[in-house]
Amino acid sequence: MTIWVPVLTGEGPRYRQVADAIVAAIGAGELAEAEKLPPQRRLAHALGVTTGTITRAYAEVERRGFVQARVGSGTYVCASVPDTFTHVRPEGDAGQVDLSLSLPPPCDLRAQGLGRAMAALQIDVSALTHAMDYQPEGGLDMHRRVYARWLTQLGLPMAADELLIDQGGMNGIFLSLSTLLAPGERLAAEMLTYPGLISVAQQLGIRTVAVEHDEQGIDIDALAMRHERQPFAALYVMPEHQNPTTVALSESRRQALVALARERDFWLIEDGVQYIRERATPLYQIAPERTVYLFSVAKMLGGGMRSGVIRVPATLRSRMAAALRNQSWMPPPLIASLVCRWIESGDADRLLDWQCEEMAARHALVERYLSGYKYSGRADGFYIWLRLPAGRRANGFVDELAESGVRVTPAEPFCVGSEPAPQAIRICISAASDREALERALATIRERLDSPGPAVWRTL
Ligand SMILES: Cc1ncc(COP(=O)(O)O)c(C=O)c1O
């Protein structure tokens, strides 16, 4: 059997030439997604180099995030950074009901709250002057105190001196990964996880390790076994409201997870961006010494506010602060001032109350239209996770829905590494402009689910 053999440039160390050629072949589509790289010994023989050179080349390509080694099986080309990782609606699809992004439900209270915060700030000369100054990297003490009080009231007890203000969830992920892991190190995550995490890990050359999970959250035995075979430096989880599966990590697994993290000594990155009111004990309370907690106002006030906090153990504080400084000196002071005024006026809480009621009403619509089908969702959560009936394929179903004017997301972009995607879709019921639009979309989804699906032609 012939194997794929690269043409080398003849410049630089041999292992790097091989690595560059592999990356170029992946970029050109010559090596396809999920394809296995040639056995190291055979490629070494074909190129007239040592097996050690090929081992080093494969490790280099893995470090850059293009391939992943599987113990006892070989090295495989990773799925590309999913195109679907975007939080911007594509242009030109007016008339569609877009339920593909987890956006807060539209409501005038949002613009009103921001407007009032701006009006109050506009006449406060001292606050305006402050807002134009350089400030400490984690934000002003008074702003951190406002955040700490509010989070405590939201069921997330925190002290101001544990927090750094950042620019929201993605910023928190980037700061955590770049602080806790060096390029080439391993980060564990559930097999299905937030695509932004996968994208940041790839950019930083951090290797992701996929771990099984079920309806109680991440499987702790599987995690322990993974750590034995492929030790990782940190684990990323969303214990309260998993994106995309909506699962909450059970209280007993939280305790077991912390015990394992302490025994094996890895960091925990707890992503709480998908806030919901019903909650168990946060990991950072059980293991404050090794948990970084990420919070953002994106799912409450609005994604454009770009503000949040990162709660860090005392031992990490100066490293995390340095990462913030290196990135942008500090979070934008003007935004922090506005968000804090919005919170202090009580408008943020009123908005949150409205949002919870609105989401409850939207979930009731889901129940009405999708009953009988297998889906999960949480009281005030923004999305549901729908498992397709036997015989239906998620990518095809998503295309069918798009043709009928409804956009949703298949499981594929949430998959870590080259793990296969389940036949399931995420439907962001929060993103519909109003309940009528949501009802129309749900009726379409129901109709497509009830239909037999398109005929499938098989090749001989
Ligand atoms: C789990 C999770 N983490 C992080 C983010 C990014 O948050 P932000 O918009 O604040 O950057 C999102 C956004 O959808 C998310 O779902």
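Check the entry above for the structure.
Just so we're clear, the structure is a prediction, and the values are computed from it rather than from any experiment.

S.K.: Looking at this structure, I do not really get the sheet that holds strand S5 (residues 186-190). What am I missing?
M.R.: The seven strands are arranged S4-S12-S11-S10-S9-S5-S6 in an open sheet whose pairing can be described as mixed. Sheet topology places strand S4 (163-166) and strand S6 (207-211) at the edges, where each strand pairs with a single neighbour. Adjacent strand axes in the sheet meet at a mean angle of 20°, parallel and antiparallel pairs treated alike. Of the strand pairs in this sheet, S4 and strand S12 (residues 308-311) are connected by four bridges, and their pairing is antiparallel. Each bridged residue has a counterpart across the sheet, and for Leu 164 the counterpart in S12 is Ile 310.

S.K.: What should I look at first to understand the sheet that holds strand S17 (residues 424-428) in this one?
M.R.: Hydrogen bonds between backbone atoms are what pair the strands of a sheet, whose relative direction is either parallel or antiparallel. As summarised here, the arrangement of the four strands in space is S13-S14-S17-S16, forming an open sheet in which the pairing is antiparallel. The open sheet is flanked by strand S13 (374-377) and strand S16 (409-410), the only strands paired with a single partner. Pairing analysis gives five bridges linking strand S14 (residues 383-387) to S17, with the strands arranged antiparallel. Across the sheet, residue Trp 385 finds its bridge partner in S17, namely Arg 426. On the sheet, helix H15 (residues 394-403) packs against S16 and S17 and is oriented at approximately 40° with respect to S17.

S.K.: Just to check I follow, could you spell out the packing of helix H4 (residues 108-122) against helix H14 (residues 347-370) for this structure?
M.R.: For any two helices packed against each other, the geometry is given by the interaxial angle and the distance between the axes. Here H4 crosses H14 at 175°, and the two axes come no closer than 10 Å. The angle between the axes of H4 and H14 places the two elements in the roughly antiparallel class. Listed contacts from H14 to Leu 109, Arg 110, Gly 113 and Arg 116 of H4 are Asp 347, Arg 350, Leu 351, Trp 354 and Gln 355. A class-by-class count of the residues in the contact of H4 with H14 yields three nonpolar, two polar and four charged.

Thresholds applied
- Residues numbered from 1 in each chain as written.
- Predicted model: local features only at pLDDT ≥ 70, side-chain atom pairs only at ≥ 80, totals over all residues.
- Heavy atoms only, no water.
- Pairing = 2+ DSSP bridges.
- Helix = DSSP H or I, 4+ residues; strand = E, 2+ residues; numbered from the N terminus.
- Axes fitted to C-alpha atoms, helices over the stretch in contact; angles between N-to-C directions.
- Contact = heavy atoms within 4.5 Å.
- Parallel < 35°, antiparallel > 145°, perpendicular 65-115°, else oblique.
- Nonpolar A, V, L, I, M, F, W, Y, C, P; charged D, E, K, R; others polar.

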